[in-house]
Amino acid sequence: MSNNSSENNQKNGNSINKGSVIRKIILILAIGVFCYSSYQLINIYLEYKKGKDIYNSIDNQVLDNNTPENIIIKDDNGNTSDVEISFTYNHDSLLSINPDGLGYLYIPSINLRLPIVQTTDNDYYLTHAFEGTYNGNGCIFEDYRIDDKLNSTNVILYGHNMTYGSMFGLLPNYSDYSFCNTDGNDIFYIYTEDKIMMYKIFSAYVSEPISDTYTFNFSSIDGLKEYAATMKSNSNYETNVDVSQTTQVVTLSTCTSDGSQRFIVHGTYIGQTSLNTNIN
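Residues numbered from 1 in each chain as written. Predicted model: local features only at pLDDT ≥ 70, side-chain atom pairs only at ≥ 80, totals over all residues. Heavy atoms only, no water.

Student: So what exactly am I meant to see when it comes to a nonpolar patch on the surface here?
Tutor: Together, Val 21, Ile 25 and Leu 29 make up an exposed nonpolar region whose accessible area comes to about 280 Å². Mapped onto the elements of the fold, Leu 29 is located in helix α1 (residues 2–62). For Leu 29, a relative accessible area of 55% corresponds to the exposed category. (Patch = residues over 30% accessible without salt bridge, like charges linked within 9 Å, V, L, I, M, F, W, Y side chains within 5 Å. Areas by Shrake-Rupley, 256 points an atom, 1.4 Å probe, with all protein chains shown as cover. Salt bridge = Lys/Arg side-chain N within 4 Å of Asp/Glu carboxyl O. Helix = DSSP H or I, 4+ residues; strand = E, 2+ residues; numbered from the N terminus. Buried < 20%, exposed > 50% of the residue type's maximum accessible area, 1.4 Å probe, protein only.)

Structural data, given as structure tokens:
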């Protein structure tokens, strides 16, 4: 009996030791996963912080936030509307930072004020900030295949959907009908070397990465009008914006949260003013 008891105690002891080892291994693995995840989160935050600091610096160089500006936007029919902007824009300062600069995108509803670039591909500015630093925030850039830059019939602008809301991270707010249709939320502006152009949002929806959404360089204004009508029909909700006489569309494109599709916002040209002179 004592021999059997001794053998049983030894087996129980071995089982306890094995169980203890397994628990320690699991604990070590869990700690390792936690440390790695924390490291990744810290890196993501630091990358975001670096990008935020870069664009804050650019904002301070290019925009005078102490000098609000009252402008008068005139449409193609000669109708005018008064607009108050909380800053003034300096295109020469933008180009002094990066000659690839085309202008500035301003979306008041999501407090987006960012430079726009165009280069010879659609890859570089996915991983580089406006002033050329390697950064995961990237930059807002126009499709390199588009002619006439910001005067094109369909200006397609790409930007990352950043977790912390930077770049086009807040653009998906427009998936909500009530957000878009809140007074003033459906307006955005593009600043160029010599003018400020105003746009009204007429469509918001999810698209496949390759679709008719990304049609550009229209050979006729009728083709653009047909495109605008089709894109309006894609919208998640009715915006009651007339695009039958549109002369230019701006398409804002960013990834959905899982990266498999694209969230799209379209704006139609409303009117413009000469930069610093208010009326053309």
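Student: Any chance you could explain the nonpolar core here in plain terms?
Tutor: One recurring pattern in soluble globular proteins is that nonpolar side chains are buried together. Formed by 71 residues in total, the largest nonpolar core has its most connected members in Leu 105, Tyr 174, Tyr 191 and Leu 252. When residues of this core are assigned to their parent elements, the largest contribution, eight residues, is made by strand β10 (residues 195–207). Here Tyr 191 is in contact with Ile 85, Phe 87, Tyr 89, Leu 102, Gly 103, Tyr 104, Tyr 106, Leu 150, Ile 196 and Leu 275, once residues within four sequence places are set aside. (Core = buried A, V, L, I, M, F, W, Y, C linked by side-chain atoms within 4.5 Å. Contact = heavy atoms within 4.5 Å.)

Student: Got a minute to help me understand the pairing of β10 in this structure?
Tutor: The two faces of a sheet get side chains in turn, since along a regular strand they alternate between them. In terms of burial, β10 is largely enclosed, as eleven of its 13 residues are buried. In this structure, strand β9 (residues 187–191) lies alongside β10, joined through five bridges in antiparallel fashion. Across the sheet, the residue bridging to Ile 190 is Met 197, located in β10. The antiparallel hairpin formed by β9 and β10 contains three residues in its connecting segment. Sheet analysis places β10 next to strand β12 (residues 262–274), joined by twelve bridges and oriented antiparallel. The partner of Tyr 205 across the bridge, within β12, is Ile 264. (Pairing = 2+ DSSP bridges.)

Student: Looking at this structure, how should I read the side chain of His 91?
Tutor: Following the sequence through the fold, His 91 ends up in helix α2 (residues 91–97). In this structure, His 91 is in contact with Leu 102, Gly 103, Thr 192 and Glu 193, ignoring residues within four places of it in sequence.

Student: Can you help me understand the environment of Ile 201 in this one?
Tutor: Here Ile 201 lies in strand β10. For the pair Ile 201 and Asn 185, spaced 16 residues apart in the sequence, the C-alpha separation amounts to 8.7 Å. Those residues in contact with Ile 201 that lie beyond four places of it in its chain are Tyr 174, Cys 180, Asn 185, Asp 186, Phe 188, Thr 239, Val 241, Val 265, His 266 and Gly 267.

Student: What is the right way to look at unusual backbone geometry in this model?
Tutor: For residues besides glycine, phi is generally negative; the peptide bonds are generally trans as well. If you check the backbone angles, Asn 217 has positive phi at about 55 degrees while not being a glycine. Here Asn 217 shows up in the loop between β10 and α4 (221–233). With phi around 60 degrees, Asn 240 is a residue other than glycine that occupies positive phi space. With respect to the helices and strands, the residue Asn 240 is situated in the loop between α4 and β11 (249–255).

As far as function goes, none of this settles anything; it's purely spatial.
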